[in-house]
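So the chains spell out like this:
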Amino acid sequence: MSRPDRHAEIAALYGFLCADPADWAELAPLAVERSGHDRLYRIVDATRARLGGIDEVRDSPQGLVVSGPSGQVLAWARTDSAGALVDLMIARDAQGYGRTGQWRRRLAIAVWFALGSYWIAECWEAASVTGWIGSLVVAVAGYVLLEGFSFVTEEPWWIRRPIEAGGLVALGSAWRLPGLHGGNSAADLVVGAALLCLATGALFRARRHRWGLAVTASTRFPLSGSWYIGQGGGRLLNHHYGVPEQRGALDLVRVGATGSRRGAPDRLDAYLAYGADVYAPCDGQVVAVVDDVEDQVPGVIRYGPRYGNLVFIDTGTETVKLAHLRPGTVTVTPGQWVRAGDLLGQVGNSGNSSEPHLHIHAERDGVGLDLLFADVQGTLHRGRTVRT
């Protein structure tokens with residue numbers, strides 16, 4: 001799918017915002033039909049009031065920017081082949097988008113590496129057996145935190161392998177044990193054991209977490225092959241927990257020896273998940289479809305529809321939602337009945353997505369449900385690899 005014409009989007013949005021509302025139906029009939037004249041009027045009127053008028057619309061890495069004498073806000077627009085406005089969104093401000101926080105993830109790993117190196121070194125410098133055991137247990141607790149709560153599995157080998165090697169280096173220090181005295185204090189051992197218990201306890205609880213309401217329709221895993229759960233589980237393992245209808249959501253990525261990609265980080269086709277077929281997880285009626293939202297450049301999120309391209313399926317008892325699909329690949333239409341296993345589209349990077357992955361959640365009356373797949377046994381949590 002070709003990239004959007006930003007100049008056409010800017011011209012169409014600026015013309016719409018500056019036009020007389022009485023002319024909107026002629027200027028952008030599809031946008032008015034989609035959102036409703038009254039709703040659009042409230043949005044545009046509030047934007048004009050907030051900005052003190054409309055001076056310009058320009059492009060930026062964060063998305064389209066609408067500027068006025070009193071400030072600026074982010075916006076999103078979609079046009080047809082003739083340049084007419086088809087759909088639009090306007091944010092309340094110009095914050096929260098642009099380059100994603102991958103650097104924070106790498107910084108957290110770097111901090112862990114520094115602390116882990118310290119405790120691994122302590123294993124080699126311990127003066128007693130109890131001191132050595134205490135240092136080793138602290139190092140083990142660190143590995144539990146890293147492997148259980150972080151995204152290190154999605155990182156390339158040149159980040160993962162040195163971290164894994166550190167564990168072997170710590171264990172290698174055991175050759176010193178015959179020459180160490182027993183030790184007069186168990187303080188190091190107690191501290192290490194306490195940290196390990198806290199880490200494993202928190203991880204166990206987060207992985208076993210259930211919201212108490214589960215899908216009642218028969219569902220199957222929507223992808224084939226091997227998939228890593230990047231988000232899923234309890235509060236500490238799932239960034240969706242703060243959104244009521246998404247609290248039981250899963251983000252699914254594909255990983256290999258090179259992490260989640262094989263090539264330059266800004267190329268969509270470098271990501272192992274991109275373009276993978278997505279199948280209906282359940283029987284039901286398709287109630288919503290979007291297929292023409294552009295893919296994001298990996299690592300940069302422009303303001304726009306949060307789900308991107310999507311398929312929503314009503315099972316009769318809940319709604320199952322699949323998002324971030326690749327534009328131009330959705331195979332179903334609203335009102336169509338599907339059966340579990342029918343092809344829906346492909347994994348993409350549209351919407352609020354920093355790298356290609358599939359987002360799936362189920363909700364009933366706005367409340368998120370625990371996902372259960374007939375072909376997947378056990379808990380669904382970050383860090384687990386599902387093979388189907």
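**Description of helix H6 (residues 129-149)**
- Taking 1.5 Å of rise per residue, the 21 residues of H6 would be expected to cover 30 Å, and the 30 Å separating its terminal C-alpha atoms lies within 8% of that figure.
- By the criterion of burial, H6 is predominantly enclosed, with 16 of the 21 residues buried.

**Points about the packing of helix H1 (residues 6-18) against helix H4 (residues 37-51)**
- Between H1 and H4, whose axes approach to 10 Å, the crossing angle comes to 90°. Considering the angle they form, H1 stands roughly perpendicular to H4. Facing H1, whose interface residues are Phe16, Leu17 and Cys18, H4 presents Leu40, Val44 and Arg48.
- Among the residues forming the contact of H1 with H4, the class breakdown is five nonpolar, no polar and one charged.

**Re the packing of aromatic side chains**
- By the definition in use, this model includes six aromatic pairs.
- Centre to centre, the rings of Trp112 and Tyr143 are 5.0 Å apart; their planes meet at 80°, and the pair counts as edge-to-face. Of the two residues, Trp112 sits in helix H5 (residues 102-125) while Tyr143 sits in helix H6, which places them 31 residues apart along the sequence.
- Overall, Tyr143 belongs to the buried group, its relative accessible area being 17%.

Rules used throughout
Along each chain, numbering runs from 1 in the same order as the chain's sequence is written. Since the coordinates come from a predicted model, pLDDT governs what is reported: local features require at least 70, and pairs of side-chain atoms require 80 or more to be given and counted, while whole-chain, interface and lining totals use all residues. No hydrogens and no water enter the side-chain calculation; it runs on all heavy atoms of the structure. Think of it this way: any DSSP run of H or I at least four residues long counts as a helix, any run of E at least two long counts as a strand, and we number them from the N terminus. Every helix has an expected span of 1.5 Å times one less than the residues it contains. When accessible area is computed with a 1.4 Å probe and restricted to protein chains, residues below 20% of their type maximum are described as buried, those above 50% as exposed, and intermediate ones as partly exposed. Here an angle of 0 to 180 degrees is reported between the N-to-C directions of two axes, which are lines fitted to C-alpha atoms, with helices fitted over the stretch in contact. Throughout this description, any angle smaller than 35 degrees is read as roughly parallel, any larger than 145 degrees as roughly antiparallel, any in the 65 to 115 degree range as roughly perpendicular, and the remainder as oblique. Any two residues having at least one pair of non-hydrogen atoms within 4.5 Å are treated as being in contact. Residue type decides the class: Asp, Glu, Lys and Arg count as charged, Ala, Val, Leu, Ile, Met, Phe, Trp, Tyr, Cys and Pro as nonpolar, and the leftover types, Gly among them, as polar. Here the aromatic set is Phe, Tyr and Trp, taking the six-membered ring for Trp, and pairing holds for ring centres within 6.5 Å; pairs whose planes are under 30 degrees apart are stacked, those over 60 apart are edge-to-face, and all others are tilted.

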